[in-house]
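Close look at the chain arrangement
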Amino acid sequence: MSTTYPVYSPIRNHDEELAKAETGVDQLDLEREDRWYPKFHIASNGGWINDPNGLCRYKGRWHVYYQLHPYGTQWGPMHWGHVSSADMVSWRHDPIAMAPSLEEEKDGVFSGSAVIDDEGKLKFYYTGHRWNNGKDDTDGQWQVQMLADATDDDAIGLEKKGVVIDCPREKVDSHFRDPKVWKQDGVWHLIHGVSTADHRGQIWDYTSEDMINWTFQNVVFDDPDPDVFMLECPDFFPLEDKNGDTKWVIVFSAMGSKAKGYMNRNENNAGYMIGTWNPGEAFKPETEFRLLDCGANYYAPQSFEADGRRIMYGWMSPFSENAPMQSDGWCGQMTLPRECFLGEDGDLHTVPVPETDKLRINTFDHVARPIEANEEALVDEDAEAVEIELNINLQATTAERAGLKVHTTPDGSYTYVAYDAQAGTVVVDRQAAARGDRGYRAAKLTDEELSADELKLHVYVDRGSVEAYVNDGRHVLSSYSYPSEGKRAVKLSAESGTLAVNKLTLHDMKSIGLE
């Protein structure tokens, strides 16, 4: 299936560009191929996307803005794309929200966040980006924090207000971006990521009484890893633990971290620490850096608070060059929206928001039976967009590896979501992929999980991606998966031993309306 979508010519003026987006003037009609285009994940109708931006609920609508290069499937001059929803189930494409127009952002309207002020008005803080030499990164970057206000109840129109924080360039090595704003004890705080002059990754905190004039307070976090030179897309929020105590979670996407074992296997890696914080002080971590998602394609998460919930989106980054979807006229999608909480173990758990259940249109409860050694059992012969609940009886399972083969096509390719008993992990393995990156990613299970009676896998399979949630969100693995032509089967598999299944339920998923 293919779809015609608009690609916008390079912009010359912000208002002019938005007018083109709304009227269709000066657009090129290209074909978008939908073989891997998501059915129930957020994506642009064409072009390249990356970080989620400006997440909020405002005037009864949920909003997801995102980094967008609308006239190519490679990274380029950043705009802000926009989708919105009344119920977080059915979504619509809204016009491009921001395009480069001011001198301070002439080479890109970079990432930022949304916040509702004391008068109930929606504000956006974002980074304006320009190349020092006017063309590329050879001579570094100049980045500043900027402000825009929503001009209507649907937050479609955004009025730019200009720079609110300039970059102290003598203290910074180019990278100075991604503001996140919130109010704490009557004072507004703005944090953002920094690469210092000596190439260390930090997060800086500014404060304000009026949301316009900002004063530097302190370095809220200095990454102890000497290889990390920049902390992108910082986030910082409180959560209550099982004892009712408030813990602070600091989230960042670390650039420069080195791979070690199962950790930091991607080009750049998004994770968190849990600890304590008081305004005016540095964050005091009580945990090591932990990955938010162990998959091959997760980066730049952002969260927001609404209805008493902490909700997070992440970007499924292709990381590698020449991702297969780029030849189809689009590139990139968001993860499912995830609710964040501290579990009984004191660690951060993330699970799909309950609204995701409303996408189910058919449910099939399969009879739980053992899968014999080296057996494959068909679950669904053609599963384009499904949610699968698989509970494995660990005490009765003897297989060295066992689980779900999804996107299984007639040419023999598939992606394997499996429990690996020898390694004590859950893996998303793409060694049998016909295209795109191969290899695997693994989530290391704790001793408590390995000795439990049951392992819970909750797997969401879209046209070109897999999200696997382990043990009620204790671990997550998000990876792209590009199936070949033909029916896309789901199979149970057991290797060198048996698989004991306690539960197997499959739900067909409907579209969220962005196709």
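Residues numbered from 1 in each chain as written. Predicted model: local features only at pLDDT ≥ 70, side-chain atom pairs only at ≥ 80, totals over all residues. Heavy atoms only, no water.

Basically, it comes down to this: UniProt positions are given in the numbering used here, feature names are shortened, and annotations may be inferred rather than shown by experiment.
Going by the annotation in an unreviewed UniProt entry, the name recorded for the protein is beta-fructofuranosidase, with Bifidobacterium commune given as the source organism. Per UniProt, the comment on the protein under Sequence similarities (unreviewed entry) is "Belongs to the glycosyl hydrolase 32 family."

So, the domain arrangement of the protein
To be explicit about the condition: Each domain's limits were defined by an automated method or a database of domain assignments. Once two parts are joined, some of their accessible surface, as seen by a 1.4 Å probe, is lost; buried area is that loss totalled over both.
Once the domains are mapped, the protein shows domain 1 (14-352) and domain 2 (360-509). Its C-alpha centre places domain 1 at a distance of 31 Å from the equivalent point of domain 2. Carbon and sulfur atoms make up 54% of the area that domain 1 and domain 2 hide from each other, which totals about 3,000 Å². In terms of surface lost to domain 2, no three residues of domain 1 exceed W36, F40 and Y262, which account for 24% of the buried area on that side.

Let's talk about the nonpolar core
Put simply, the rule reads: Throughout, nonpolar core names a set of buried Ala, Val, Leu, Ile, Met, Phe, Trp, Tyr and Cys residues whose side chains join them through atoms within 4.5 Å. When a residue's accessible area, from a 1.4 Å probe over protein chains only, is under 20% of the maximum for its type it is buried; when over 50% it is exposed; and in between it is partly exposed. Secondary structure elements follow DSSP: runs of H or I of four or more residues count as helices, runs of E of two or more count as strands, with numbering from the N terminus.
Residues F40, I42, W91, V249, Y313 and L348 are the most contacted members of the largest nonpolar core, which totals 61 residues. With 5 residues, the top contributor of residues to this core is strand β21 (residues 309-316). Among the domains, domain 1 (14-352) and domain 2 (360-509) are the pair contributing at least three residues each to this core. By size, the runner-up hydrophobic cluster in this structure holds 52 residues, among which are V220, W277, V461 and L499.

Some points on the UniProt feature "domain: Glycosyl hydrolase family 32 C-terminal" (unreviewed entry) in the protein
Taken from the UniProt record, the annotation "domain: Glycosyl hydrolase family 32 C-terminal" (unreviewed entry) applies to residues 356-507. Helix makes up 3% of residues 356-507 and strand 51%, whereas the separation of the span's terminal C-alpha atoms amounts to 11 Å.

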